[in-house]
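Analysis of the macromolecular model
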Amino acid sequence: MMNQFRSGDAILTDWREAAGRFETTVGAAVLGQARAIRLLTIALFARGHVLLEGDVGVGKTTLLRAVARAVGGAYARVEGTVDMMPTDLVYHTYLAEDGRPRVEPGPVLRQSEDLSIFFFNEINRARPQVHALLLRLMAERTLTAFNREYRFPNLQVFADRNRVEREETFELPAAARDRFLMEIGLEAPRDAEARRALVFDPRFHDTDALIAGLDGDVLDHAALAGIAAAIQHGIQASPAIEAYVIGLWEALVRPAQAGIRLPGLDMEGLVQGGASPRGVAFLVRAARVRAWLEGRDWMVPEDVRAVFPEVMAHRVFLEPIYELRRAAIMPELCRAVFEIVPAP
Amino acid sequence: MRIRCLALILAPLLSGPAGAQVHSVEVRTPRPFGYFLGDLVRAEVDLVVEPGFRLQAASLPKPGALTYWLDLRDLDATASVYGDAQRVRLGLTYQTFYAALDARALEIPGFTVTFVSESDHGATTVKAAVPAWSFNVSPLREIQPPARDDPRDYMRPDGKVGPGNPRPLLLGAAGSATLALLALAGLARDRTWWPFRTRRGRPFALAARRIRSLARRPDPTPHYRDALLALHVGLDTAAGRRLLADDLDDFLKTHPAYALEGPDLARFFAASRRTFFGPGPEPELGAFALADLAALARRLAHAERTA
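Residues numbered from 1 in each chain as written. Chains lettered and ligands numbered in written order. Predicted model: local features only at pLDDT ≥ 70, side-chain atom pairs only at ≥ 80, totals over all residues. Heavy atoms only, no water.

Regarding the overall build of chain A
When helices and strands are counted, chain A shows 16 helices and 11 strands. The buried share of chain A, taken over its 344 residues, is 52%. Accessible surface computed for chain A: about 15,500 Å², of which carbon and sulfur atoms make up 53%. (Helix = DSSP H or I, 4+ residues; strand = E, 2+ residues; numbered from the N terminus. Buried < 20%, exposed > 50% of the residue type's maximum accessible area, 1.4 Å probe, protein only. Areas by Shrake-Rupley, 256 points an atom, 1.4 Å probe, with all protein chains shown as cover.)

Next comes the structure, spelled out in structure tokens:
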């Protein structure tokens, strides 16, 4: 598509090229996940936290490590365990060589305020206390420790979670889920070529070497926040698109009134709540980034549609009897919403 | 009408105080003669006792076979006040199975009923005897019928069944058939079966008509958005869902009849995007004017007719 930007926005154009290089870099390490990489790029430029969800061994961790490598900046990583306590993230306590106990900054504080990516593996293995600590870290990007407040202006939390395992895991509280910009489901690639390469090409077997082989620092992580703000201000939303987003929101929360009928479901009681204003604001933020990545300085309905399931689906609370079938119901509901709400 | 024949039998005065407490026992039967095998024999027994006495239900005869030829079919007792005394009326229904060869008198056996009066000091019982009474039964046929050649002639012919009236049945059948047809019609409507199957609409023909009328107005430029919307509605209806610009390729694949208009549809979507979501329509409606739109809608309507 031709460049429709004004000359004053040349810097945004440069950044769009950088975003393209970023996608190529990550795509070299993670095959067949173009959509997930595109969504992660959108999340990066929307300054939103991301929860990756998927089967065992589909490359959740590899993808996040590749992203962390390409973004550059300091990055910390923890593994969720049942016995992890919030203080384990903040403090590192040990007995020093002289036999005295020592308390030093833990994984979150160690990199000090330069931390750009905090990577939480298997987040659902950690207890709710840990989720509560993350809540503040994600919402306010601050943390109180050693009697002072730490700020992490560039922080983004990437978490992943195993969808299959349910034993000894803790469901994320609704408030914590709502603070994730996106929940991206990761599937093994369907493409035969990608599958063959993943299984037979030794390059993909050694994750450390694979990640080390990527170009680091494709993006200037310190400038990301400024660019993100510039994108939000630079991309226009017409009254028609505003009405469209509000229409989608209404149809998602009250599907029965919008005239949506899904087989085998009681539409009246299906959706109990959720889809907060914050969630819809996130939706518009992500859609603006998508419009920018597509080289437009105005939003179209396709931008909203491209990010809608990942941004909105996890914010909707279903009737408890339907909650177990959420994975099947939500894509259907999102599809039906887009089929019924008129655009323009 | 039944002739009620009154048979009054005064109870013999019993010795002791019981006699004073049972005032009278009276058996009434409709008639004492003219009964055949299987007939019901009804009797009514009135017992008048001192006030305060109450019938002991367990002392009444039990319905069932009394003798080999007599059944008690039914029995009911009603109590009422009779002057300053207490009256109990028993309704008895017997059935006789006596196959009589000549007219003869049969005796229905008597029985005794017990009345109780309960006070703080104890209970007093008194027995009232209902006497036996007789009635005449008659044979159904002669003893020695005239000789017949065929033994079957001794049998009476079967009764004739009168001609039935089929009208209510026919009316009922007709009513049920009407209801069934109505229900079928309702089902067909619900499932959109044949007569209710809506004809595939012609959304593009509608859109073309609307755009033509908009284009004919003296100053059509302000109506550009309406015209775009009209074609959007047509496309949405044809696709069965909301069609966005990125869905055009899928739509053309599933609706190959419109494949020829692919490039123009793409220009239409680009113009619509610009108008509704972007910086607004190009000056003088630029590359895709109202006339182009009308022509595209007309061609789509044509493709729709031939599809």
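Side note on the interface of chain B and chain A
Each partner contributes to the interface: chain B provides 14 residues, whereas chain A provides 20 residues. Across the chain B to chain A interface the summed buried area is about 1,500 Å²; carbon plus sulfur atoms make up 59%. The largest share of the area that chain B buries against chain A comes from Arg242(B), Leu244(B) and Phe277(B), three residues that together contribute 49% of it. Two residues, Asp247(B) and Arg305(A), come together in a salt bridge whose shortest N-O distance is 2.6 Å. (Contact = heavy atoms within 4.5 Å. Buried area = accessible area lost by both parts, 1.4 Å probe. Salt bridge = Lys/Arg side-chain N within 4 Å of Asp/Glu carboxyl O.)

Examining the pattern of salt bridges
Scanning the entire structure with this criterion turns up 41 salt bridges over all chains. When the shortest N-O distance is used, the salt bridge between Arg28(B) and Glu44(B) registers 3.3 Å. Taken as a pair, Arg28(B) in strand S1 (residues 22-28) and Glu44(B) in strand S2 (residues 40-49) lie far apart in primary sequence, 16 residues in all. In this structure Arg28(B) comes out as buried when scored by relative accessible area, which is 17%. Asp292(B) is the partner of Arg267(B) in a salt bridge, and the nearest nitrogen-oxygen pair spans 3.9 Å. Taken as a pair, Arg267(B) in helix H6 (residues 262-276) and Asp292(B) in helix H7 (residues 290-306) lie far apart in primary sequence, 25 residues in all. Take Arg267(B): its relative accessible area is 39%, and that puts it in the partly exposed class. By sharing partners, the salt bridges in this structure join Glu23(A), Arg38(A), Arg290(A), Glu294(A), Arg296(A) and Asp303(A) into a single network.

Quick notes on the nonpolar core
One finds Phe45(A), Leu63(A), Met182(A), Trp292(A), Leu231(B) and Phe268(B) to be the most contacted residues of the largest nonpolar core, which totals 122 residues. Ranked by the residues each element gives to this core, the list is headed by helix H13 (residues 277-293) of chain A, at nine residues. What Met182(A) contacts, discounting residues up to four positions off in sequence, is Leu39(A), Ile42(A), Ala43(A), His49(A), Val50(A), Leu51(A), Ala286(A), Val307(A), Glu310(A), Val311(A) and His314(A). Ala43(B), Phe111(B), Phe135(B) and Val137(B) belong to the second largest nonpolar core, which has 33 residues in total. (Core = buried A, V, L, I, M, F, W, Y, C linked by side-chain atoms within 4.5 Å.)

Description of the packing of helix H2 (residues 34-45) of chain A against helix H3 (residues 60-71) of chain A
All names here are of chain A. It is the contact of H2 with H3, at a shortest axis distance of 12 Å, that shows an interaxial angle of 45°. Accordingly, the angle class assigned to the pair H2 and H3 is oblique. As for how H2 packs across H3, the hand of that crossing is right-handed. Taken together, the residues of H3 that come into contact with H2 (itself represented by Ala36, Ile37, Leu40 and Leu44) are Leu63, Leu64, Val67 and Val71. Looking at side-chain class alone, the contact of H2 with H3 contains eight nonpolar, no polar and no charged residues. (Axes fitted to C-alpha atoms, helices over the stretch in contact; angles between N-to-C directions. Parallel < 35°, antiparallel > 145°, perpendicular 65-115°, else oblique. Left-handed = near helix turned anticlockwise from the far one by under 90°. Nonpolar A, V, L, I, M, F, W, Y, C, P; charged D, E, K, R; others polar.)

A word on the confidence of the model for chain A
Any residue range with low pLDDT should be treated as having predicted coordinates unsuitable for detailed reading. Residues and elements named next belong to chain A. Taken residue by residue, chain A gives an average pLDDT of 83. The fraction at 70 or more is 97%. No element of chain A has a lower mean pLDDT than helix H9 (residues 207-212), which averages 78, and none a higher one than H13, which averages 89. Here residues 1-8 scores under 50 on pLDDT; set against residues more than four positions off or in separate chains, the count is 18 contacts. (pLDDT = per-residue confidence, 0-100.)

A short note on the sheet that holds strand S4 (residues 64-67) of chain B
Residues and elements named next belong to chain B. Strands sit in the order S1-S2-S6-S5-S4 across an open sheet of five strands; the sheet is antiparallel. Every interior strand has two partners, whereas the edge strands, S1 and S4, have only one. Averaged over all pairs of adjacent strands, the angle between strand axes in this sheet comes to 30°, irrespective of strand direction. In this sheet, strand S6 (residues 85-96) lies alongside S2 in antiparallel orientation, the contact comprising 10 bridges. When the sheet's bridge partners are listed, Glu44 is paired in S6 with Gly91. (Pairing = 2+ DSSP bridges.)

Re a positive patch on the surface
All names here are of chain B. Taken together, Arg209, Arg212, Arg216 and Arg298 make up a surface patch of like positive charges. Structurally, Arg216 can be placed in the loop between helix H3 (203-215) and helix H4 (224-239). Assessed through its relative accessible area of 63%, Arg216 is described here as exposed. (Patch = residues over 30% accessible without salt bridge, like charges linked within 9 Å, V, L, I, M, F, W, Y side chains within 5 Å. Lys, Arg positive; Asp, Glu negative; His and termini not counted. Charge placed at Lys NZ, Arg CZ, Asp CG, Glu CD.)

Section: the packing of H6(B) against H7(B)
Residue and element names in this part refer to chain B. Contact geometry of H6 with H7 gives a least axis separation of 11 Å together with a crossing angle of 135°. When the interaxial angle is binned, H6 and H7 end up oblique. Once H6 is placed against H7, the crossing between them reads as left-handed. Contacts between H6 and H7 involve Asp264, Leu265, Arg267 and Phe268 from the former and Asp292, Leu293, Leu296, Arg299 and Leu300 from the latter. Looking at the contact of H6 with H7 residue by residue, the class counts come to five nonpolar, no polar and four charged.

Focus on the environment of Tyr35(B)
All names here are of chain B. Along the polypeptide, Tyr35 turns up in the loop between S1 and S2. For Tyr35 and Phe135, which are 100 residues apart along the polypeptide, the C-alpha to C-alpha distance reads 8.0 Å. The contacts of Tyr35, once residues within four sequence positions are left out, are Pro30, Leu40, Val41, Phe135, Asn136, Val137 and Ser138. Here the side chain of Tyr35 touches Arg31 through a polar contact of 2.8 Å, landing on its backbone oxygen. (Polar contact = N/O pair within 3.5 Å; in protein donor to acceptor, adjacent residues only side chain to side chain.)

A word on the packing of aromatic side chains
What characterises a pair of aromatic rings is the spacing of the ring centres plus the angle enclosed by the ring planes. Applying the stated criterion across every chain, the model contains 15 aromatic pairs over all chains. When the ring of Trp15(A) is compared with that of Phe45(A), the centres are 6.1 Å apart and the planes differ by 80°; the resulting orientation is edge-to-face. With Trp15(A) in helix H1 (residues 10-29) and Phe45(A) in helix H2, this residue pair connects regions lying 30 residues apart in the sequence. Taken as a pair, Trp15(A) and Phe45(A) share a single burial class, namely buried. Ring pairing ties together the aromatic residues Tyr35(B), Trp69(B), Tyr94(B), Tyr98(B), Trp133(B) and Phe135(B), which thus form one cluster. When the ring centre of Tyr150(A) is taken as origin, the NZ or CZ atom of Arg148(A), which lies over that ring, is 3.9 Å away. Above the ring of Trp298(A), the side-chain terminus of Arg296(A) is found at 6.0 Å from the ring centroid. (Phe/Tyr/Trp six-rings, centres within 6.5 Å; stacked < 30°, edge-to-face > 60°. Lys NZ or Arg CZ within 6 Å of the ring centre and 35° of its normal.)

Description of the sheet that holds strand S2 (residues 74-79) of chain A
Residues and elements named next belong to chain A. Taken together, the five strands give an open sheet; going across it, the order is S2-S5-S8-S1-S9, and neighbouring strands pair in parallel fashion. Taken across any chain shown, the strands that pair with only one partner, and hence form the sheet edges, are S2 and strand S9 (180-186). Within this sheet the neighbouring strands show an average axis-to-axis angle of 15°, counted without direction. Judged from the six bridges that link them, S2 and strand S5 (residues 115-121) form a sheet pairing that is parallel. Following the sheet pairing, Glu79 is matched in S5 by Asn121. Running at roughly 170° to S9, H2 makes contact with strand S1 (49-54), strand S8 (156-162) and S9 of the sheet.

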